Amino acid sequence: MNILLFTTIYPGAEAFGIPSDTKTVHYFAKEWKKQGHHVEVIYLYQNAIKKIRPQNLKEIFYSAENVYVYEGISVHLFRYQLLVPHAIELQTFQMRDFQIKVEACIEKIGFDADLTVVHFPMSFIGFDYHRISNRAKFATLHNSDLQGLGKFSIDTSQKYMEQFNYFGCRNKQIRKEFYRKFGINSELIYSGISSELLAEPAFIQKKASTKKEIVKIVFSGNLIPLKNVDILINAISKVNFVYDLEIVGSGSEEAKLVSLVRKLGIGEHIHFRGRVSRKESVRYIKDADIFAMVSSPETFGLVYLEAMAQGCIVVGSKNEGIDGVIKDGCNGYLVEPRDIDALVSILESIYSLDVSDKQKIIFNAYNTALSMTDGQMAESYLNIVRKGNG
């Protein structure tokens, strides 16, 4: 199958002055390539208006195509300067330019797409996909697309959405809102983790059967407001068991969080590890008993799955991206994102679990991770199209 993938986030463009970003969309492309499909990526990079610089001015009216290869995937990069604060879409004249450039790109490489997949579709509003392919088209909505759905009229959005044959949403809340606005059914499109991150069953068995005097808790992520690390720290300060909390990551909130720990007088139990390599982050997770991250908003969060794959009992946020993968009390726990008392209660409940109940939670979580490797999730993505064509 020939797959043409549109996205506004893709790794590997540092040579063009674009900072590294999440590999979420790339993982799908990479797995599809492994499965024998031919994938070409159209990467629309939109420079935020607050980042405007003189050298970006040339990209306001047009964008030259830059081509690079990232882990075997051909990426066609087009860069434009956003002109309106908080916008996620190009101006009409920019979209016309982008349309012309993409059509020329497709013609140049002679790519006949069997399937066009569009991530962050509201960033491409105004693009006519029929001009590049008359075959299947799949739109996958992320949290940022909800902003777009609220910004444009229903008629404008509806007409744009009529181009697509299939719809996916990155979590239950996006799907619920999408259905509310358009009455359109969609599939959940979850990310997967590398099978290399799955711990050995013997390790999981040993971890599930061991009760420690000091409970090791870990958070791994960017230290930014939406991660609600302050809530975790405040909750930890109130629990009635001995703990160590590893905070892995860095970000704008780090100084405030260090100050909070000092104010609460719990510095000997909380360790800020800064930004570390992926391998080292997994090591901290592997050593932990509990992984807790009560972020909001959160589109999905692969790190939850990584923790489940390493035998951690996971605590996530209700009504956020991981809600639906984590089933409260079955393979992890869910809490309202900024409810300190509820988080304290859940942490103490986990500490009080007997061995049998602890084993059930950990093995249910591990089996969830086993069923959600990146290869399986990429295959599931395409199966939606196969079923629709069957």
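It should be emphasised that the depicted structure is a prediction, and the values quoted were computed from it without experimental measurement.

Thresholds applied
Residues numbered from 1 in each chain as written. Predicted model: local features only at pLDDT ≥ 70, side-chain atom pairs only at ≥ 80, totals over all residues. Heavy atoms only, no water. Buried < 20%, exposed > 50% of the residue type's maximum accessible area, 1.4 Å probe, protein only. Helix = DSSP H or I, 4+ residues; strand = E, 2+ residues; numbered from the N terminus. Arc of directions from axis to C-beta. Contact = heavy atoms within 4.5 Å. Pairing = 2+ DSSP bridges. Right-handed = clockwise from strand over helix to strand, strands pointing away. Axes fitted to C-alpha atoms, helices over the stretch in contact; angles between N-to-C directions. 1 Å grid on protein atoms, 1.4 Å probe; cavity = no way out; pocket = protein on both sides within 12 Å on 5 of 7 lines; lining within 4 Å. Points joined across faces, edges and corners; volume = space filled by probe spheres on them. Nonpolar A, V, L, I, M, F, W, Y, C, P; charged D, E, K, R; others polar. Parallel < 35°, antiparallel > 145°, perpendicular 65-115°, else oblique. Salt bridge = Lys/Arg side-chain N within 4 Å of Asp/Glu carboxyl O. Core = buried A, V, L, I, M, F, W, Y, C linked by side-chain atoms within 4.5 Å. Phe/Tyr/Trp six-rings, centres within 6.5 Å; stacked < 30°, edge-to-face > 60°.

**Topic: helix H9 (residues 254–264)**
Phase 1: Among the residues of H9, those classed as buried are Leu257, Leu260 and Val261. The arc that holds every buried residue of H9, seen down its axis, measures 100 degrees, which confines them to one face. Among the exposed residues of H9, those pointing more than 90 degrees away from its buried face are Ala255, Lys256, Arg262 and Lys263.
Phase 2: Residues of H9 that are buried sit in contact with helix H8 (229–236) and strand S11 (270–274).
Phase 3: Where H9 ends, the next residue or the one after it, Gly265, has phi of about 70 degrees, a positive value.

**With respect to the pairing of S11**
Phase 1: In this structure, strand S10 (residues 243–248) lies alongside S11, joined through 4 bridges in parallel fashion. Residue pairing across strands places Glu246 opposite His271, the latter belonging to S11.
Phase 2: Taken together, S10, H9 and S11 constitute a β-α-β crossover, and its handedness is right-handed.

**Some details on the sheet that holds strand S14 (residues 333–335)**
Phase 1: Judged by pairing direction, the sheet is parallel, and its 6 strands sit side by side in the order S11-S10-S9-S12-S13-S14 without closing on themselves. Bordering the open sheet on either side are S11 and S14, each of which pairs with just one other strand. Neighbour-to-neighbour, the strand axes of this sheet turn through a mean angle of 20 degrees, independent of strand direction.
Phase 2: With 6 bridges joining them, strand S9 (residues 215–220) and S10 adopt parallel strand pairing. Opposite Phe219, over in S10, you have Ile247 as the bridge partner.

**Examining the sheet that holds strand S8 (residues 187–188)**
Phase 1: Strand order in the open sheet made by the 8 strands is S3-S4-S2-S1-S5-S6-S7-S8, with mixed pairing throughout. Two strands in the sheet have a free side with no partner beyond their single neighbour: strand S3 (66–70) and S8.
Phase 2: Here strand S6 (residues 136–141) pairs with strand S7 (residues 166–169) via 4 bridges, running parallel. Each bridged residue has a counterpart across the sheet, and for Thr140 the counterpart in S7 is Gly168.

**Some words on the pairing of S7**
Side-chain positions along a regular strand alternate between the two faces of the sheet.
Phase 1: Residues Tyr166 and Gly168 of S7 are buried on one face, and the alternating residues Phe167 and Cys169, pointing to the opposite face, are buried as well.
Phase 2: Looking at chain direction, S7 and S8 are connected through 2 bridges and run parallel. Looking at the pairing, Gly168 lines up with Glu187 of S8.
Phase 3: In this fold, S7 hands off to helix H6 (residues 172–182), which returns the chain to S8; that crossover is right-handed.

**Things to note about empty space enclosed by the protein**
Phase 1: Tallied over the entire structure, the rule returns 2 cavities of 30 Å³ or more.
Phase 2: There is about 160 Å³ of room inside the largest cavity.
Phase 3: Lining the largest cavity are Thr210, Lys211, Lys212, Val215, Asp289, Ile290, Ile313, Ile350, Tyr351, Leu353 and Lys358.
Phase 4: Classifying every residue of the lining of the largest cavity by side-chain character gives 6 nonpolar, 1 polar and 4 charged.
Phase 5: By volume, the second largest cavity is sized at about 40 Å³.

**Describing the packing of helix H5 (residues 154–161) against H6**
Phase 1: At their nearest, the axes of H5 and H6 sit 11 Å apart, and the two run at 110 degrees to each other. Classified by the angle their axes make, H5 and H6 are roughly perpendicular. Of H6, the residues touching H5 (which contributes Ile154, Ser157, Gln158 and Met161) are Phe178, Lys181 and Phe182.

**Let's talk about the pattern of salt bridges**
Phase 1: With the rule as written, the count across this model stands at 18 salt bridges.
Phase 2: Between Glu65 and Lys108 there is a salt bridge; the shortest N-O distance is 3.0 Å. Of this pair, Glu65 sits in the loop between helix H2 (58–61) and S3 while Lys108 is found in helix H3 (residues 92–109), placing the two residues 43 residues apart along the sequence.

**Overview of the nonpolar core**
Phase 1: In terms of nonpolar packing, the biggest core is built from 97 residues, with Tyr43, Ile233 and Val315 touching the most fellow members.
Phase 2: The element best represented in this core is helix H11 (residues 302–309), accounting for 7 residues.
Phase 3: Beyond its immediate chain neighbours, meaning those up to four positions away, Val315 contacts Ile290, Phe291, Ala292, Met293, Val294, Tyr304, Tyr333, Val335, Leu343, Ile346 and Ile350.

**Looking at the packing of aromatic side chains**
Phase 1: Tallied over the entire structure, the rule returns 24 aromatic pairs.
Phase 2: Ring geometry for Phe28 against Tyr381: centres 4.9 Å apart, planes inclined by 90 degrees, an arrangement best described as edge-to-face. Of the two residues, Phe28 sits in helix H1 (residues 24–34) while Tyr381 sits in helix H14 (residues 374–389), which places them 353 residues apart along the sequence.
Phase 3: Tyr381 sits in the buried class, given a relative accessible area of 1%.
Phase 4: Between Phe98 and Phe124 the ring centres are 6.1 Å apart and the planes differ by 35 degrees, which places this aromatic pair in the tilted class. Taken together, the residues Phe98 in helix H3 and Phe124 in the loop between strand S5 (115–119) and S6 connect sequence positions 26 residues apart. Each member of the pair, Phe98 as well as Phe124, is classed as buried.
Phase 5: Members of the aromatic cluster, joined through ring pairs, are Phe6, Phe78, Tyr80, Phe98, Phe124, Phe127, Tyr129, Tyr160, Phe164, Phe167, Phe178 and Phe182.

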